[in-house]
Amino acid sequence: MSLADLTLDRWRSLDLAAAGRFAHEAAAQVGGRVVLLDAVEHLGGPLHRVRIEREGREFALVPGGTVRLGFDLDAWEPAPAQSADYAESAEEGYGYGHPDLKSYLADVLSPLRTATLATVLMAVEDEHLSESPADMPAVLAARGLRIPGADEWEHACGAGAGTLFRWGNECPLDEPAYGGSGGVRHEPNAFGLHIAYDSYRTEVSADPTAVHGGDGGEAVCGGYGDLLGWLPLATANRNPYTAEFTYGPDGAGLYEEFSTRPVLSLR
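Below or above, wherever it landed, is the structure these notes cover. (Residues numbered from 1 in each chain as written. Predicted model: local features only at pLDDT ≥ 70, side-chain atom pairs only at ≥ 80, totals over all residues. Heavy atoms only, no water.)

Comments concerning the overall build of the protein chain
Link 1 in the chain: Counting secondary structure elements, the protein chain contains nine helices and eleven strands.
Link 2 in the chain: For the protein chain, the C-alpha atoms occupy an extent of roughly 55 × 45 × 35 Å along the three principal directions.
Link 3 in the chain: For the protein chain, with 267 residues in total, the buried portion stands at 52%.
Link 4 in the chain: Put simply, of all contacts in the protein chain between residues at least 6 apart along the chain, 72% involve residues at least 24 apart.
Link 5 in the chain: A total accessible area of about 11500 Å² is found for the protein chain, and carbon and sulfur atoms account for 51% of it. (Helix = DSSP H or I, 4+ residues; strand = E, 2+ residues; numbered from the N terminus. Buried < 20%, exposed > 50% of the residue type's maximum accessible area, 1.4 Å probe, protein only. Contact = heavy atoms within 4.5 Å. Areas by Shrake-Rupley, 256 points an atom, 1.4 Å probe, with all protein chains shown as cover.)

What follows is the structure in structure tokens.
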């Protein structure tokens, strides 16, 4: 089978030796070298993680296949502290006019769905844009890279977890969602990516109606409330209002404040 057709379910079934063979084949395809091959507990079983270094940048292997994306609001109930925090924000006029947390999330999260994705290598760290979002595909193509699709980004972040955040359904409301280097948001995710880790980040994908992994600090700087400061890190949060700013005339001269997460396609 081709590497691009490797599914997450198949990947989870491999032993370490077989995973290593796939890892080294992927590295050979892109002219890189394997710098990490380990396993973590994820969704009740082991999941192999692979990092490949190419031209000074590390990429993580993100197995694809038919995957579930979006957030199932019908199967979820907010924690009392989350509801109370959102209620305070709504009372102060934040939350885009939504009276409760679930209606707010229905507006800003991507819908529950499935998508079929290829296995790719995705940059462990995002990088600042050097040109406008519209011009970045050409910039990356010159380096043999591309911008991720919105579905690719979401799958890479959540790794099949289906929870509100990549680490679970709750967040430490008494801690900031930005800065620093510790805490759950800075831990590598199941695929080994440093992703959705700082609300001041704004990652662009190939979808101009969505941004990911942060809101540029809008909620924090605006004093919207603790939960609204954390929600830009939610896996399925597409931040449509931030995307409108990012791709609109107001964001045109601020592209260096935004970032993207380059992808290496496999065959």
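Some thoughts on unusual backbone geometry
Link 1 in the chain: The phi torsion at Ala159 lies on the positive side, around 50°, for a residue other than glycine.
Link 2 in the chain: Here Ala159 lies in the loop between helix H6 (150–158) and strand E8 (203–204).
Link 3 in the chain: For Ala159, a relative accessible area of 2% puts it in the buried group.
Link 4 in the chain: Residues other than glycine seldom take positive phi values, yet Ala196 does so here, at roughly 50°.
Link 5 in the chain: The residue Ala196 is located in the loop between H6 and E8 in this model.

Brief notes about the pattern of salt bridges
Link 1 in the chain: Per the stated rule, a full pass over the model turns up 17 salt bridges.
Link 2 in the chain: With its nearest N and O atoms 2.8 Å apart, the salt bridge here joins Asp151 to Arg113. In this pair, Asp151 is assigned in helix H6 and Arg113 in strand E5 (residues 113–117), connecting sequence segments 38 residues apart.
Link 3 in the chain: Note that Glu154 and Arg238 form a salt bridge whose closest N and O atoms lie 3.2 Å from each other. Linking Glu154 in helix H6 with Arg238 in the loop between helix H8 (226–230) and helix H9 (240–247), this pair joins segments that are 84 residues apart in sequence. This pair shows no difference in class: Glu154 is buried, exactly as Arg238 is.
Link 4 in the chain: Salt bridges linked by common partners bring Arg113, Asp151, Glu154, Asp207 and Arg238 together as one network. (Salt bridge = Lys/Arg side-chain N within 4 Å of Asp/Glu carboxyl O.)

Looking at the sheet that holds strand E2 (residues 45–54)
Link 1 in the chain: The strand order E1-E2-E3-E6-E11 describes an open sheet built from five strands, whose pairing is antiparallel. With one partner strand each, in any of the chains shown, strand E1 (33–42) and strand E11 (263–265) form the two edges of the open sheet. Along the sheet, successive strands turn relative to each other by an average axial angle of 30°, direction set aside.
Link 2 in the chain: Two elements, E1 and E2, share nine bridges in a ladder whose sense is antiparallel. For Leu37, the partnering residue across the bridge sits in E2 and is Val50. (Pairing = 2+ DSSP bridges. Axes fitted to C-alpha atoms, helices over the stretch in contact; angles between N-to-C directions.)

A word on the sheet that holds strand E10 (residues 259–260)
Each strand in a sheet pairs with another by means of backbone hydrogen bonds, the pair being arranged parallel or else antiparallel.
Link 1 in the chain: Read across the open sheet, the four strands follow the order E7-E10-E8-E9; overall the sheet is mixed. Two strands close off the open sheet at either side, each with one partner strand: strand E7 (127–128) and strand E9 (211–212).
Link 2 in the chain: Sheet topology places E7 next to E10; two bridges connect them, and they run antiparallel. Within the sheet, the bridge partner assigned to His128 lies in E10 and is Ser259.

A few points about the packing of aromatic side chains
Link 1 in the chain: Summed over the entire model, instances satisfying the criterion amount to eight aromatic pairs.
Link 2 in the chain: Judged by centre distance (6.0 Å) and plane angle (5°), the rings of Tyr96 and Tyr104 are stacked.
Link 3 in the chain: For Tyr96, a relative accessible area of 38% gives the class partly exposed.
Link 4 in the chain: Judged by its relative accessible area of 8%, Tyr104 falls in the buried class.
Link 5 in the chain: Seen from their ring centres, Trp167 and Trp230 are 6.0 Å apart, and the 85° between their planes marks the pair as edge-to-face. Placement of the pair is Trp167 in the loop between H6 and E8 and Trp230 in helix H8, with a sequence separation of 63 residues.
Link 6 in the chain: Pairwise contacts between aromatic rings join Tyr86, Tyr96, Tyr104 and Tyr241 into one cluster. (Phe/Tyr/Trp six-rings, centres within 6.5 Å; stacked < 30°, edge-to-face > 60°.)

As for the nonpolar core
Link 1 in the chain: The biggest cluster of nonpolar side chains holds 68 residues, and the ones touching the most others in it are Trp11, Leu105, Leu164 and Leu231.
Link 2 in the chain: The element contributing the most residues to this core is helix H2 (residues 16–30), with seven residues.
Link 3 in the chain: Once residues lying within four places of it in the same chain are set aside, the contact partners of Trp11 are Leu6, Ala19, Phe22, Leu47, His48, Val50, Leu61 and Pro63. (Core = buried A, V, L, I, M, F, W, Y, C linked by side-chain atoms within 4.5 Å.)

A few points about a negative patch on the surface
Link 1 in the chain: There is a patch of like negative charges on the surface, built from Glu88, Glu91, Glu92, Asp174, Glu175 and Asp226.
Link 2 in the chain: On the secondary structure map, Asp226 appears in helix H8.
Link 3 in the chain: Take Asp226: its relative accessible area is 43%, and that puts it in the partly exposed class. (Patch = residues over 30% accessible without salt bridge, like charges linked within 9 Å, V, L, I, M, F, W, Y side chains within 5 Å. Lys, Arg positive; Asp, Glu negative; His and termini not counted. Charge placed at Lys NZ, Arg CZ, Asp CG, Glu CD.)

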